[in-house]
Amino acid sequence: MVTPALPCPQVRFEEDYLRRVDALHARLAAATQRREGGGRAAIVGPGEDFVGYRPYSPGEDLRRLDWNLLARLDRPYVQVRRRDAEEVWAILVDTSGSMGVGPPGKLQRAAECAGALASLGQRAGAEVRLFACDGEGAPPAALVLRARDDPRAALRFLEERRAAGRGGLAKLLEGSFTFAEAGRLFAIGDLLDLEPPALLSLLRGGRRVGAVQLLAPVELEPELGAVEWWDPEERGAPLRLAVDGEVQGRYETALEAYLERWRELSARHAILFACRSTRVPFEETVRDLLRA
Amino acid sequence: MAVSLVSDLALPLGLLGVEWTRPAGFLALLAPLVLLLFLRRPKPPRSEATGTLELWRRLEARELSSAARTRHGMTWRAWLLCAALALAALAIAGPRKERTPRVQRWRVVVDRSPSMYLPLEPDGTEARYDAALAEAQALLAEAGADVEEVRWITPGEAAVSGAAPPSGWARPPEVPRGEPRWERWDAPGTLWVTDRATDPLPTSAGLAASGGAAVPGPVGAAKGRLLVWDGIALVEDGPPPPGRVEVDEALPEELRRLLAIWAEERGLALEGGGGTPRLHSVAISGGDSLEVAAGRGAWRLTGRAAAAGVPAEREGVPLEAWLEAEDGGVVLVAFAPGRLAVALTALDSIDGDPAAFAASWAELFDLASLPPEGTLSLEERSSAGEARRIAPTPAAVVEETSAEEIGLEAWLALLAAILAVVAWSGRAIAGRTAQ
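Note that this is a predicted model, so its numbers are computed, not measured. (Residues numbered from 1 in each chain as written. Chains lettered and ligands numbered in written order. Predicted model: local features only at pLDDT ≥ 70, side-chain atom pairs only at ≥ 80, totals over all residues. Heavy atoms only, no water.)

(A) How the structure looks around the overall build of chain A. When helices and strands are counted, chain A shows 8 helices and 10 strands. Within chain A, the proportion of its 292 residues that are buried is 52%. In chain A, once contacts between residues fewer than 6 apart in sequence are set aside, the share between residues at least 24 apart is 72%. Accessible surface, chain A as shown: approximately 13500 Å² in total, 51% of it carbon and sulfur. (Helix = DSSP H or I, 4+ residues; strand = E, 2+ residues; numbered from the N terminus. Buried < 20%, exposed > 50% of the residue type's maximum accessible area, 1.4 Å probe, protein only. Contact = heavy atoms within 4.5 Å. Areas by Shrake-Rupley, 256 points an atom, 1.4 Å probe, with all protein chains shown as cover.)

Structural data, given as structure tokens:
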């Protein structure tokens, strides 16, 4: 049986991509300024230098509350810290065959999100480590970027990736890479090869974990008609269905239930989570992820 | 043949109160039909890659065989596009609201001057009026005129519509009328009815002239004697029939006295006397008044007059101006056969030759007064020449359209464009977020 070609297996960054990332960074910085009064609480974490105090906001982690100040002033304040050592960000990109579904292609959007997060990490002074799993039997690829490195190196790394093979994020998480040094970890893909509890193992040592689930329009809003569905990661026979309104409704209900499991788990364990259609620009996805 | 077939099929659509100016445009309905058939053609299932195949498998939906070819469902965008093409085709067919065909209207201008009531022949019984009217009705019938849309017009009377003028018009009017001002009625859709062919002939209107031989008879009165034209010369006959003058008491006293003297000289009785009215005077008054000065020849008067002056016509009868104010505005005195209209309300002074003043006004009274009963002017009694008929030019039928009215086809085209834009951009409008 001839395997059909994937619709969107490759990555290609537009010429204005870095300019868009700059604009995203400016918006995020402005939003943080308004919200935190100059602090960078959205990205500070444990194990960093103390730099000052700011008023406590309801819902914040009580472990950051300064109890001594509360006792003295009878008002809640939290400590503002800056990292005392160069932080490490790990960004995992799913490059399995299912990421070639689209248009717009899931791998393309994932690469844009990964590139934006990598750039934000560099601007925050972090060491950014990009990971991707390349094809069947190939070892995962990795790229390390420091604060002063050319951000275009990340773009070149991502443009070399192709959607192929099986496993994706599951393979990366099971592999030889360890992420103990990463103060923050982002998993970007369709998450279809993972069960939600798989991310829980990454929540160690106060690490902040973020997950971006990207689905193509054909997966979120399938059109009516006779369709031959095939999975790029399966070698079995395709599934031919007559998708009418009733079948479409049942599929959407099942999909919603599946996505709800991710949302619920993320909310319960303070995992930054965003699930978006690949039609959504990467700026919105990254922004919503960091606000989550 | 296809166009005529389409035109025939489009006829029932006219029942909706819509007519189609370009029925061939219905052929464009083939476009949405072809699109519909193309989109609904049986096709093998479309191939789609998905990462959620497991979810689909769990649905336990009916699977298709490998050889199945099905008609794919139409998306709402495809339906919108078909609807847009259909509306565009209807717009091309040129719909518009059915218009009531404008009926051709005719105007018939009838001459009721005294000569119209003379017989065609001196000893004949048929009047020139009847002969001219019969010719006019024949011309209207030849032109296919709808008798309900024929309007009969004559000076001094209200216009009437119908197959024929009022029967009263077959008799001479009480106050003799002159001929209509033909030049005002030379237009398509118009017919002149008279006895003598006009000079010049109409260029656009039609003409029904009865013609008629000369009819000798009384032509006037002089020195208390009736003058009779025998066809060759004028001879004196007995006294003329009695007549009277109707004097408006509102006239300035000087003019009333002059009129009374003139009437006595002419053997006419004043108001209240017997005989047929030969001159009816009326004072134009009311409204503002102004000081005026006017003169003719060797005399000049000053006084006051009604600011509006004498109108150009009164009771439908055109008046000829005789005396105008020196500042060139107001008509102070005007006349028509049997009528005298005076806008002067008071005379302050009369300068110049009194005799000339009196003679001038006496000439006016002679000019305005009607001849004795039964008297027609020599011109009226002379031959009206041969009968003449000229078919009238139908008036152009003007489309009853309003420049401000937006046509049905424009609305259809706009709706088609909107549907097409919505169909085209539908995918972009669809929701983007999964949350």
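(B) Just a nonpolar patch on the surface, in detail. Residues and elements named next belong to chain B. A grouping of Leu 27, Leu 30, Leu 33, Val 34 and Leu 37 is seen on the molecular surface, where their side chains present a nonpolar patch of about 470 Å² in accessible area. When you line up the elements, Leu 27 lands in the loop between strand S1 (18-20) and helix H2 (30-39). Judged by its relative accessible area of 35%, Leu 27 is partly exposed. (Patch = residues over 30% accessible without salt bridge, like charges linked within 9 Å, V, L, I, M, F, W, Y side chains within 5 Å. Salt bridge = Lys/Arg side-chain N within 4 Å of Asp/Glu carboxyl O.)

(C) Region of the structure containing the sheet that holds strand S8 (residues 225-230) of chain A. One open sheet accounts for 3 strands, arranged S9(A)-S8(A)-S3(B); its pairing is mixed. A strand with exactly one partner marks an edge of an open sheet, and here the two such strands are strand S9 (239-243) of chain A together with strand S3 (46-49) of chain B. With direction set aside, neighbouring strand axes in the sheet form an average angle of 35 degrees. Looking at chain direction, S8(A) and S3(B) are connected through 4 bridges and run parallel. (Pairing = 2+ DSSP bridges. Axes fitted to C-alpha atoms, helices over the stretch in contact; angles between N-to-C directions.)

(D) Spotlight on the confidence of the model for chain B. All names here are of chain B. Confidence in the prediction for chain B averages 85 pLDDT; 87% of positions are at 70 or higher. Long-range and interchain partners of residues 429-435, a stretch whose pLDDT sits below 50, account for 19 contacts in this model, where long-range means more than four residues apart. The complex prediction reports pTM at 0.49, with the ipTM value standing at 0.79. (pLDDT = per-residue confidence, 0-100.)

(E) Local environment of the pattern of salt bridges. Applying the stated criterion across every chain yields a total of 36 salt bridges over all chains. For the salt bridge of Arg389(B) with Glu142(B), the shortest nitrogen-to-oxygen distance reads 2.8 Å. Placement of the pair is Arg389(B) in strand S25 (residues 388-390) and Glu142(B) in helix H5 (residues 128-142), with a sequence separation of 247 residues. Taking relative accessible area as the criterion, Arg389(B) reaches 38% and is therefore assigned partly exposed. Residues participating in the shared-partner salt-bridge network are Glu127(A), Arg129(A), Arg146(A) and Glu181(A).

(F) Quick peek at the packing of aromatic side chains. Under the criterion given, the structure shown has 16 aromatic pairs over all chains. The interplanar angle of 45 degrees and the centroid separation of 5.0 Å between the aromatic rings of Tyr17(A) and Phe282(A) together place this pair among those described as tilted. Of this pair, Tyr17(A) sits in helix H1 (residues 17-36) while Phe282(A) sits in helix H8 (residues 282-291), placing them 265 residues apart in sequence. Each of the two residues, Tyr17(A) as well as Phe282(A), counts as buried. Here the aromatic rings of Tyr117(B) and Tyr129(B) are separated by 5.6 Å at their centres, their planes lie at 15 degrees, and the arrangement is stacked. With a gap of 12 residues between them, Tyr117(B) in the loop between strand S6 (106-110) and H5 and Tyr129(B) in helix H5 connect regions that are remote in the sequence. When its relative accessible area of 2% is taken as the criterion, Tyr129(B) is described as buried. A network of ring pairs unites the aromatic residues Trp262(B), Trp299(B), Trp322(B), Phe357(B), Trp361(B) and Phe365(B) as a single cluster. We note Arg161(A) situated over the ring of Phe157(A); from NZ or CZ to the ring centre the distance is 4.4 Å. Just above the ring of Phe38(B) sits the side chain of Arg41(B); from NZ or CZ to the centre is 3.9 Å. (Phe/Tyr/Trp six-rings, centres within 6.5 Å; stacked < 30°, edge-to-face > 60°. Lys NZ or Arg CZ within 6 Å of the ring centre and 35° of its normal.)

(G) How the structure looks around the environment of Arg40(B). As for its position among the elements, Arg40(B) is in the loop between H2 and strand S2 (42-43). In this structure, the C-alpha to C-alpha distance between Arg40(B) and Met74(B), residues 34 residues apart in sequence, is 7.2 Å.

(H) Just the pairing of strand S3 (residues 88-93) of chain A, in detail. Residues and elements named next belong to chain A. Most of S3 sits out of view: 6 of its 6 residues are buried. Alternating residues of S3 divide into Val 88, Ala 90 and Leu 92 and Trp 89, Ile 91 and Val 93, and every residue in both groups is buried. Here 6 bridges tie S3 to strand S4 (residues 127-132), and the two strands are oriented parallel to one another. Of the residues in S4, the one forming a bridge with Ala 90 is Arg 129. Regarding topology, helix H3 (residues 106-123) serves as the crossover connection from S3 to the parallel S4, and that connection is right-handed. Where S3 and strand S6 (residues 184-189) come together, 5 bridges link them in parallel fashion. Pairing of Ile 91 across the sheet is with Phe 186, part of S6. (Right-handed = clockwise from strand over helix to strand, strands pointing away.)

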